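# Secondary and tertiary structure notes
As a plain string of letters, each chain reads:
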Amino acid sequence: MSETVRRISEDMDRQIVQAVCDEDTMSSTSVGMSDLSDEILLCILRHVPVCDLVMNVANVCQKLHTLCHDKTLLSNVSLSEEYLADDLLVRCMLKQLANHVQSLSLNGCYWLDSSTVECFSRCRGVTHLDVTGCRLSPHRLSRLLSSLSLLRSFAFDVRPNFNFAMLSSAAVDTLSRLSELRQTLLTPSYGVVPCCAQLRKLMLQFDIPDVTREGVGVCCQLMVGQSSVPHYQQLEEFTARLAPGEVNQTLLLLYLAVFSVHVPKHLRVFLVSIPGPNPVHWPAAPSLAQSLGQGGDLEALQLPRSWLDSLSLKRALEGNGPKHLSFSRCPTLWPQVFQSLLRGGVRDATQLISLNLSGINQVLYSECRSVEDQLVPETMSRLAAGCSNIKHLNLMHTHYHHENSLGLGGETHLCASLAKFGHLRSLTLPACALSDGLNTHQISTNNTSPSALLLGLKKTPRVGLQNYKPDSGSSLSGDSTSGLTRLLAGCPLLETLELIGPGFVSVLPRLEPCSRASVEPRGMCAWARGVGDAHLAALGALPQLRRLTLAGLPGVLGGTGLVQVAKQCKDLQVLSLANMGSLKTMNYTPALLDTFRLCTQLQELRLEQPYLNANASFFEALSCCSRLQRLCLISRSGTFDPAATETFMERCCHVIMCHMFMGGTLAACRRLEKALWDRFKGERAALSVVIYPLHHEDLYSVVRAIPLTLLDRITLFQSHVAQPPHLSPL
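Report on the accompanying structure. (Residues numbered from 1 in each chain as written. Predicted model: local features only at pLDDT ≥ 70, side-chain atom pairs only at ≥ 80, totals over all residues. Heavy atoms only, no water.)

### Examining the packing of helix α8 (residues 138-147) against helix α9 (residues 169-176)
Close contact between α8 and α9 brings their axes to 7 Å; oriented N to C, the two are set at 60°. Taken together, the axis directions place α8 and α9 in an arrangement best described as oblique. Note on packing geometry: the crossing formed by α8 with α9 is left-handed. Mapping the contact onto sequence places Ser142, Leu145 and Ser146 in α8 and Ala170, Ala171, Thr174 and Leu175 in α9. (Axes fitted to C-alpha atoms, helices over the stretch in contact; angles between N-to-C directions. Helix = DSSP H or I, 4+ residues; strand = E, 2+ residues; numbered from the N terminus. Parallel < 35°, antiparallel > 145°, perpendicular 65-115°, else oblique. Left-handed = near helix turned anticlockwise from the far one by under 90°. Contact = heavy atoms within 4.5 Å.)

In structure tokens:
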């Protein structure tokens, strides 16, 4: 559902509740469901899971039966988070849906049997189908495609058992009419691209390991001619997202070979994300950038750091009005980025909705230890004025050190400049950006040239390295939150907020080589250590906050700020905490348990802390999160109580994911995993239980076996702000 539709729906819901509950205008004894108009009932039914809609609500009365089969409710169906929909229920529901559904998403339905997925071939009118994450043999895939002659958009996984030769002629005929294709590549292959001659959108996710589970290297030798020019002539959008590994990069170059010969005339979206500090080189990138600039209708652009120079970037953006731009980890491009956005280098900067500047101003710590790059408030104010409609902004792995000095434009704090992005819905910030500064004797002041400020950054040389002193907390301005308060007041619509310390590295990162290569040692940034409980408490001023990530915040002491967030942010649904406070002990446990007791709407929790004690008290408090569905605990020296874990799973009946990577023996982990699996699998079709020692040598193989949708969403740490649009389901 689009953001606009969702907000209209929420407004209608509030009006309905007010109208029904207002005793001054309506008597509670005279109003029932049958008295509400069809329009209001349809608005209510739109929020009911489709399984309940057709199997339960439709059987209440004739009126609800008619409304439940309204085309506005059944034409677009998603089962992606229908975790209680087992194979039997889905088959029964399918009898009601077959003649109505046009767009069907089974994205992430890893628990459904392949025979059940094949049954959706009865939905002859389907034009959009997403079976990413579902298990489908080549034969079943062929029969499914053969039955859906109207299909125009398709998403699926290319698994190791995929065989293009097994597709029937009818299946190939269906594929030849596709205009949109998304492939998640789990093995080196072109998938079904060779027979898709009318593609306008091609979305690829490369997640191929360099070695098999048996330790054998994966070979990436494909016929280049299979991915030929005719299949890209009408292409308008190309996106590729890679997991770490050389095989993924080699395969990407094979897919891109056609662009070296011919760039599609109407190409307007080109997004390529390659992790790591040294992405594979692609010589054709500059000519591609020039072609994108000539079209005048570029909508989205992301390229690896080594693919573009400043001149090529200028040509790509000139005369265009892009909606999504990502320059993550591209420090050499930052001057041109700001010049293009602030000095008329784009046709219409107000079209920009999503901007990812993660690590754009940071020299790799291993390359330069004496130079620290910082964001400048004045430049961010100009960016807010020029790109006034930005809704998603990512500034992770950047720096800002407040010095209580007036900026060129009168700004005193970066947060005051960010507050001017009044339309922001999601934001990622470095922790140091919230600090109101250190005492003057702790800062070495240096003159900075105005020209560097105008370009958006300043480089402040410093002598030696700042040492972390455990007893230096009294000298930090940790209790001052004036900058953060201004930010929150200016961005009241924020729904997603990520605060990540510059020294944070997850033990289970999504893009491991990139994270470890570009992050400085923990505690090196003294300004980040000044962010503590008072700053967390201030976050309670965000009434619409739904997703909160806090990682690498050594200044958090008792965790009392978390309690304030839970009290005031009533709709908080996703909470991710990692390396808060001291790493030698978990000093905020009491406050964390109080937070759990207040998070009644929480659906997802990721907790990463070196010394986590998941005992009976921990799980008893967590049981208050009655709507919890996904849980991931990560602790290298952590302990867990098996009996308490089992009791928690019994109390929280909606939990379908329980991943615990902690200390303990392999035998103890396996016993708990088997006990949870045997007890709850029968009643929870989508149950995913993984209990495993964090430092076991076989951990990599265990992680690879976890459904990719869960890995991307919660188990492996990554930012979710201002990421390429293709990551969401079709």
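Once the structure has been displayed, the description carries forward.
### Quick look at unusual backbone geometry
Although it is not a glycine, Arg329 adopts a positive phi angle of roughly 60°. With respect to the secondary-structure elements, Arg329 resides in the loop between β10 (324-326) and α13 (334-342). Look at Asn579: it is not a glycine, yet its phi comes out positive at around 50°. Following the sequence through the fold, Asn579 ends up in strand β18 (residues 574-580). You can call Asn579 buried: its relative accessible area is 12%. (Buried < 20%, exposed > 50% of the residue type's maximum accessible area, 1.4 Å probe, protein only.)

### Describing helix α25 (residues 666-680)
With 15 residues, α25 should reach 21 Å at 1.5 Å per residue; the first-to-last C-alpha distance of 21 Å fits that figure. For α25, every residue scored as buried is listed here: Cys669, Leu672, Leu676 and Phe680. Looking straight down α25, one finds its buried side chains confined to an arc of 70°; they lie on one side. Opposite its buried face, α25 presents the exposed residues Arg670, Arg671, Lys674 and Asp678, each directed more than 90 degrees away. (Expected span 1.5 Å × (residues − 1). Arc of directions from axis to C-beta.)

### Let's talk about empty space enclosed by the protein
For the structure shown, the criterion picks out nine cavities of 30 Å³ or more. The space that makes up the second largest cavity amounts to roughly 140 Å³. Elements represented by at least two residues in the lining of the second largest cavity include exactly β16 (496-500), β17 (547-553), β18, β19 (604-608) and α27 (708-715). Classifying every residue of the lining of the second largest cavity gives seven nonpolar, five polar and five charged. (1 Å grid on protein atoms, 1.4 Å probe; cavity = no way out; pocket = protein on both sides within 12 Å on 5 of 7 lines; lining within 4 Å. Points joined across faces, edges and corners; volume = space filled by probe spheres on them. Nonpolar A, V, L, I, M, F, W, Y, C, P; charged D, E, K, R; others polar.)

### A look at the pairing of strand β23 (residues 657-662)
Summarising burial for β23: six of the six residues are buried, a large majority. Summarising the sheet, strand β21 (residues 630-634) and β23 pair through five bridges and their orientation is parallel. Residue pairing in the sheet places Arg630 in a bridge with Met657 of β23. Summarising the sheet, β23 and strand β24 (residues 688-693) pair through six bridges and their orientation is parallel. The residue bridging Met657 from the neighbouring strand is Ser688, located in β24. The parallel pair β23 and β24, bridged by α25, forms a crossover whose chirality is right-handed. (Pairing = 2+ DSSP bridges. Right-handed = clockwise from strand over helix to strand, strands pointing away.)

### A word on the packing of helix α24 (residues 642-651) against α25
To characterise two packed helices, one gives the angle between the axes of the helices and the distance between these axes. The interhelical angle for the contact between α24 and α25, taken along N-to-C directions, is 25°, at an axis separation of 10 Å. Classified by the angle between their axes, α24 and α25 sit roughly parallel to one another. Note on packing geometry: the crossing formed by α24 with α25 is right-handed. Residue-level contacts link Pro642, Thr645, Glu646, Met649 and Glu650 of α24 to Leu672, Ala675, Leu676, Arg679 and Phe680 of α25.

### Brief notes about the packing of aromatic side chains
On inspection of all chains with the given rule, the structure shows 16 aromatic pairs. Ring geometry for Tyr83 against Trp111: centres 5.8 Å apart, planes inclined by 55°, an arrangement best described as tilted. Residue Tyr83 is found in the loop between β1 (76-78) and α6 (87-97), and its partner Trp111 is found in the loop between β2 (103-105) and α7 (114-118); the two are separated by 28 residues along the sequence. For the pair formed by Tyr83 and Trp111, the shared burial category is buried. Three or more aromatic residues link up through ring pairs in this structure, and these residues are Tyr232, Phe238, Phe259, Phe270, Trp282 and Trp307. (Phe/Tyr/Trp six-rings, centres within 6.5 Å; stacked < 30°, edge-to-face > 60°.)

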